[in-house]
Each structure stands twice: as C-alpha cells, then as structure tokens.
Amino acid sequence: MRMLFLVAIAAMIGIGLVPAAAWADGPSDEAAIVAQINAVRAGESLPGLRVDAGLQTKARSWAQTMADKGTIWHSVLSDGVTARWERLGENVGLGCAIDSLRRAFVASPHHYANLVSPDFRWIGVGVVRDPTGTLFVAEVFMQTFAAARAQAPAVTSRNPAPAPVTSPAVSKAANKAKAEPAQQAWVGPKPKAKVKSTKARRGR
C-alpha cells in the first residue's frame, strides 16, 4: 500500500499536481538552516552551534507534529531532552522558503535573541514540507549544565561565593519548562512566514 501511495505521489509530481519543492530533502534543508544560523552568529563574533542528536530528534518530531496540524505552536521545551540542560530555547515557523523564514527570524528581536545567545552551544533543527509546499521548521537551542558552570565567574578571596539561596518546593509539573508569550513576525508573499520563539531556564 505504501509503495502504491509513493507511486501515485510521484505521478502527481510528474504531471504538476503536486509541487516538486514539497518533497525537498529534509536533512539538506536542516543543514542549510544550521549553516545560516552559524553565519549569523559569526557576524556577532560568536562560536557556531553544534548539532545535538537528541535535540535533532525532538525538533524533527515537533516539525512533523506542526505539519500534521497545519499550524505552529511551541513544544514543552523539556520534553525529550535527556542532556543535563541549563537553558533551552525554541524558534518555530512556517513559510514558503527557508530564506523567507531566516529573514523573519532575524527581523524579530525575540527570535534573533535565540539565534545569537552566547549561552547556547547546541542546536537541533527539524524541517517538514507538506504536500502544498509549506515549510514547517522547529529550531531547539540548548545550554548544558557543564557549559553554564564554565561560564560562571571564578571564586577568589576578593570575590567570595554568595550565600546559598533556598527556594520553596514545587511540584514536578510546576517545574516543567514554561514558555514566554509567543512572538510572531510576518514577511514575504503568501504563504507568509509565521514564526514564534520561546525560552526556558531550569529551576534551581
């Protein structure tokens, strides 16, 4: 049955009923987005982000979920992340082309903040194109606990450690990553690029 479906799709592409661009190679699109993000970071004299396999799996799954529903919204950032993370961020978007989405992300201050955060060191990107050619993208950013420790100021006799701070106990559900209010940007011809960003920091 699956083979018959694929043959039917190939036939529709051949006669022009389904845009060929809708079946572009996802991994190539993902690699292109990572390269674009790292070019933006290089322009800010920041190191490039490295692809994390776990984040990649999460991003691909979420891009597929959004494509299946035909709209964009944020995942629960901590879901599916097994690394010892300190901080997470997510940009999601839909549009007609990678370049229009890149421009939308860069033009929006909240999305741009994720792209050029010096805290983030890891990324996972998921790309799905639906049969109409609409592109669904999820970008997940991560700062690991070890990286956060490395960035902390050294403690010396002139820089004593601060007194420990205690916080009230919270339920496991309340300690889940919380999304900030979603931000949107609209650019380009129809379908217009639509993007949202969010961040989360692990509770102490």
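Computed from a prediction, not measured in an experiment: that's the story for all the values here.

Colleague: How would you explain the pattern of salt bridges if you had to name every residue and give the values?
Modeller: Counted under the stated rule, the structure contains three salt bridges. As a salt-bridge pair, glutamate 30 and arginine 60 come within 2.8 Å of each other at their nearest N and O atoms. You can see glutamate 30 sitting in helix H2 (residues 26-43) and its partner arginine 60 sitting in helix H3 (residues 53-69), a full 30 residues away along the chain. Between arginine 87 and aspartate 119 there is a salt bridge whose closest N-O contact spans 3.1 Å. Separated by 32 residues along the polypeptide, arginine 87 in strand S2 (residues 85-95) and aspartate 119 in the loop between helix H5 (109-115) and strand S3 (122-129) bring together distant segments of the chain. Of the residues examined, aspartate 119 reaches a relative accessible area of 21% and is grouped as partly exposed.

Colleague: Kindly report on helix H4 (residues 98-107), identifying the contributing residues and their values.
Modeller: Every buried residue of H4 is listed here: Ile98, Ser100, Leu101, Ala104 and Phe105. The arc enclosing the buried residues of H4, seen along the axis, measures out at 160°, which places them on a common side.

Colleague: I'd like to hear about the pairing of strand S4 (residues 135-144), residue by residue, with values.
Modeller: Within S4, ten of the ten residues are buried, which leaves it mostly tucked inside the rest of the structure. The alternating pattern of S4 places Leu135, Val137, Glu139, Phe141 and Gln143 and Phe136, Ala138, Val140, Met142 and Thr144 on opposite faces, both of which are buried. Relative to S4, S2 is paired through ten bridges, and the arrangement is antiparallel. Looking across to S4, one finds that tryptophan 85 is bridged to threonine 144. Where S3 and S4 come together, eight bridges link them in antiparallel fashion. Looking across to S4, one finds that valine 127 is bridged to valine 137. Once S3 ends, the chain turns through five residues before running back antiparallel as S4, passing glycine 133 with a positive phi of about 95°.

Conventions used here
- Residues numbered from 1 in each chain as written.
- Predicted model: local features only at pLDDT ≥ 70, side-chain atom pairs only at ≥ 80, totals over all residues.
- Heavy atoms only, no water.
- Salt bridge = Lys/Arg side-chain N within 4 Å of Asp/Glu carboxyl O.
- Helix = DSSP H or I, 4+ residues; strand = E, 2+ residues; numbered from the N terminus.
- Buried < 20%, exposed > 50% of the residue type's maximum accessible area, 1.4 Å probe, protein only.
- Arc of directions from axis to C-beta.
- Pairing = 2+ DSSP bridges.

Take it as geometry only, folks, not as evidence of what the structure does.
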